Amino acid sequence: MGTSETAVTSNFIRNIIAEDLENGKREQVVTRFPPEPNGYLHIGHAKSFSLNFGLAEDFSGRCHLRFDDTNPIKEEDEYVDAIKADVRWLGFDWGEHLHFASDYFDQLYLWAVQLIKAGKAYVDSQTAEEMRENRGTLTQPGVNSPFRDRSVVENLELFEKMKAGEFPDGAHILRAKIDMSSPNMNLRDPAMYRILHAHHHRTGDKWCIYPMYDFAHGQGDSIEGVTYSICTLEFEDHRPLYDWFIEQLGIFAPQQIEFARLNLSYTVMSKRKLLQLVNEQYVSGWDDPRMPTLVGMRRRGYPPAAIRTFCERIGVGKGASWIDLSVLEDCVREQLNESAYRRLAVLKPLKVTLSNYPADKIEMLEAPNHPQQPELGKRKLPFSHELYIDRDDFMEEPPKKFFRLGPGREVRLRNAYIIKCEEVIKNSDGDVVELRCSADLDTLGQNPADGHKVKGIVHWVSAVQAQEVEVRLYDRLFNQENPDKAENYLQALNPDSFQTTTALVEPELIAVEPGSTFQFERVGYFTVDSKDSKSGQPVFNRTVTLRDTWAKLK
RNA sequence: UGGGGCGUCGCCAAGCGGUAAGGCACCGGAUUUUGAUUCCGGCAUUCCCAGGUUCGAUUCCUGGCGCCCCAGCCA
């Protein structure tokens, strides 16, 4: 259906690769998506892996999925599985190339030994605090560790004992011997290996020393023959270090290119914060439909194609950028508008009785599943003398531009007749509780015989056949465009981001598949919750509202 | 006041010396049994600022200014 066909605009990474290929600097394109399995993927990760897999696709190369699992304390298999599922959900395939940094632990160890032997690495026995103090500051150079000039033999011996588990955590650390006065902090003798008596999700208890990300990442890329190591901006300063390791080791050199990570308005993207929202139960879990996680968006009903289109649309640059939520929502609507079946559902019921429609009559009207796609067929819609419309579609004293129902006014019932409000019934509190209307029985599928126009169209359900379902109304998680501008981002939480209500829906909306999305006409898109729905008892999540120009006029 | 980056429309973003693409948002207007969709039209004489080079600069040079990142035995 071609809705996700976005004109492919160039970006600086694509340009670099195209040029490299053209002038023979590279013969093939190998990229990779290197998540750490310590949390669920969010839309920002989607930007990253769409870029990596997309580039590989465009240039007939390949893209690996590699888990950078160098810190056993934070990583779990649960996340590995979830991450794989999320990448697949977006339609990407790493083929044979599923890798783990931990696959390279033996090689990494050998390389560490090689650097020690070359006098390029040493075992430091300072405490973490001492190391921090001696690192200097942004404007002051650091000072050498008193252990910096240990002999190769001693370093080898110590490192071997570290590996053998003879020391407690933190007792020693292996550092690269580079330059304590480098203006680049990453080059002030960075840590390569630390002692961690921890169980690793893949290597078990084989190791009690683990490589730092900085000592594993670049070499992992090198081993895999990754030609373009695409990563986010904060690693720009690390590139000289990665290049240094590669050069000292004399191994294949990938080219690192950095791009700006995604920021989306009205949400937060840091794993730490998302984890806090989950742990402290501000949301129901990683898959809460308000979360910017892929599992959350999936549950909310965002189609994967919409997310891919979004990632393509926002482009890739080097400047810190904030994407407006409306861009994502537009992608979602664009996709859903094409595919979602239309249904009628009333969220705020107001009773309507038709005075001139037989009380014992039930008509089965026919309504198209999609107004622009007749090939999607029709469904039956029961109609009777007692109906419900939405309270928002009636006003006792309607303003000029309000072309819905009001005393003496006419309106078209979607897919049914035109009715006229003859009487407004109120309770003792003065609240409107019922509308008595007359129906023009000559207007099914046609305009009134006298040719007068009825502009307003309203959704409705037949009282007797309508079914009650739970509907969950989701809105943006935060009130502020940038929650981090608040004193504490938790204070920017939107108290109305979740409301639950009961709706009256047409019968067709009962036997529905979890995960399927419908458009409740004039209201929005709603997806059957995949977790809390039961057979014959669906729970609907509001995926996104319809555009509402009337709301803007008000 | 060290180092690394970035500055093109409200938000993204093409452009790479020849006289400012596109998307979102916004504002019209047409069609419409969803105030939806669709469709037309509008929306930067100007590219952070100031100089300079050039017939000509958003694109090259110089100098400012502004913003982001870096001092984990995290990634």
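The name that an unreviewed UniProt entry assigns to chain A is Glutamine--tRNA ligase, with the source organism given as Desulfuromusa kysingii. UniProt's Subcellular location (unreviewed entry) comment on chain A is quoted here verbatim: "Cytoplasm".

### Details of the environment of S181
Mapped onto the elements of the fold, S181 is located in the loop between β5 (173-176) and β6 (191-195). Here the alpha-carbon distance between S181 and P371, two residues 190 residues apart in the chain, equals 69 Å. Each residue touching S181, except ones within four places of it in the same chain, is listed here: P141, G142 and R188. Within polar-contact distance, the side chain of S181 engages the side chain of D179 at 2.8 Å.

### Here we look at empty space enclosed by the protein
The tally for this structure, following the rule as stated, stands at two cavities of 30 Å³ or more. Lining the largest cavity are H217, G218, D221, S229, R239, Y242, D243, I246, P254 and Q256. Put simply, the parts of the chain that give the lining of the largest cavity at least two residues each are α7 (213-224) and α8 (239-249). Per element, the largest residue contribution to the lining of the largest cavity is four residues, and it comes from α8. When its residues are assigned to classes, the lining of the largest cavity shows three nonpolar, four polar and three charged.

### Overview of a negative patch on the surface
A surface patch of like charges, here negative, comprises E76, D77, E78 and D81. Considering the arrangement of structural elements, one finds D77 in helix α3 (residues 77-89). When its relative accessible area of 39% is taken as the criterion, D77 is described as partly exposed.

### Some points on the layout of surface pockets
Estimated volume of the largest pocket: approximately 1200 Å³. As for the largest pocket, its lining consists of 36 residues, and the residues nearest its centre are R404, R522, V523, R547 and D548. Among the elements of the structure, α12 (325-339), β25 (539-545) and α13 (549-553) are those that each provide at least two residues to the lining of the largest pocket. Ranked by residue count, the leading element in the lining of the largest pocket is α13, at five residues. When its residues are assigned to classes, the lining of the largest pocket shows 12 nonpolar, seven polar and 17 charged.

### Overview of the protein's contact with RNA strand B
By nearness alone, 70 residues border RNA strand B, and R342, F403, R404, R414 and R547 come closest of all. Backbone sugar and phosphate groups make up 64% of those atoms of RNA strand B lying within 4 Å of the protein. The backbone of A128 places a nitrogen or oxygen atom 3.3 Å from a base nitrogen of RNA strand B. V316 places a main-chain nitrogen or oxygen 3.3 Å from a phosphate oxygen of RNA strand B. When residues in the surface near RNA strand B are grouped by element, the largest group, four residues, is from α12. Residue classes in the surface near RNA strand B are distributed as 23 nonpolar, 24 polar and 23 charged.

About the thresholds
- Residues numbered from 1 in each chain as written.
- Chains lettered and ligands numbered in written order.
- Predicted model: local features only at pLDDT ≥ 70, side-chain atom pairs only at ≥ 80, totals over all residues.
- Heavy atoms only, no water.
- UniProt positions renumbered as here; feature names shortened; annotations may be inferred.
- Helix = DSSP H or I, 4+ residues; strand = E, 2+ residues; numbered from the N terminus.
- Contact = heavy atoms within 4.5 Å.
- Polar contact = N/O pair within 3.5 Å; in protein donor to acceptor, adjacent residues only side chain to side chain.
- 1 Å grid on protein atoms, 1.4 Å probe; cavity = no way out; pocket = protein on both sides within 12 Å on 5 of 7 lines; lining within 4 Å.
- Points joined across faces, edges and corners; volume = space filled by probe spheres on them.
- Nonpolar A, V, L, I, M, F, W, Y, C, P; charged D, E, K, R; others polar.
- Patch = residues over 30% accessible without salt bridge, like charges linked within 9 Å, V, L, I, M, F, W, Y side chains within 5 Å.
- Areas by Shrake-Rupley, 256 points an atom, 1.4 Å probe, with all protein chains shown as cover.
- Salt bridge = Lys/Arg side-chain N within 4 Å of Asp/Glu carboxyl O.
- Lys, Arg positive; Asp, Glu negative; His and termini not counted.
- Charge placed at Lys NZ, Arg CZ, Asp CG, Glu CD.
- Buried < 20%, exposed > 50% of the residue type's maximum accessible area, 1.4 Å probe, protein only.
- Near = heavy atom within 4 Å.

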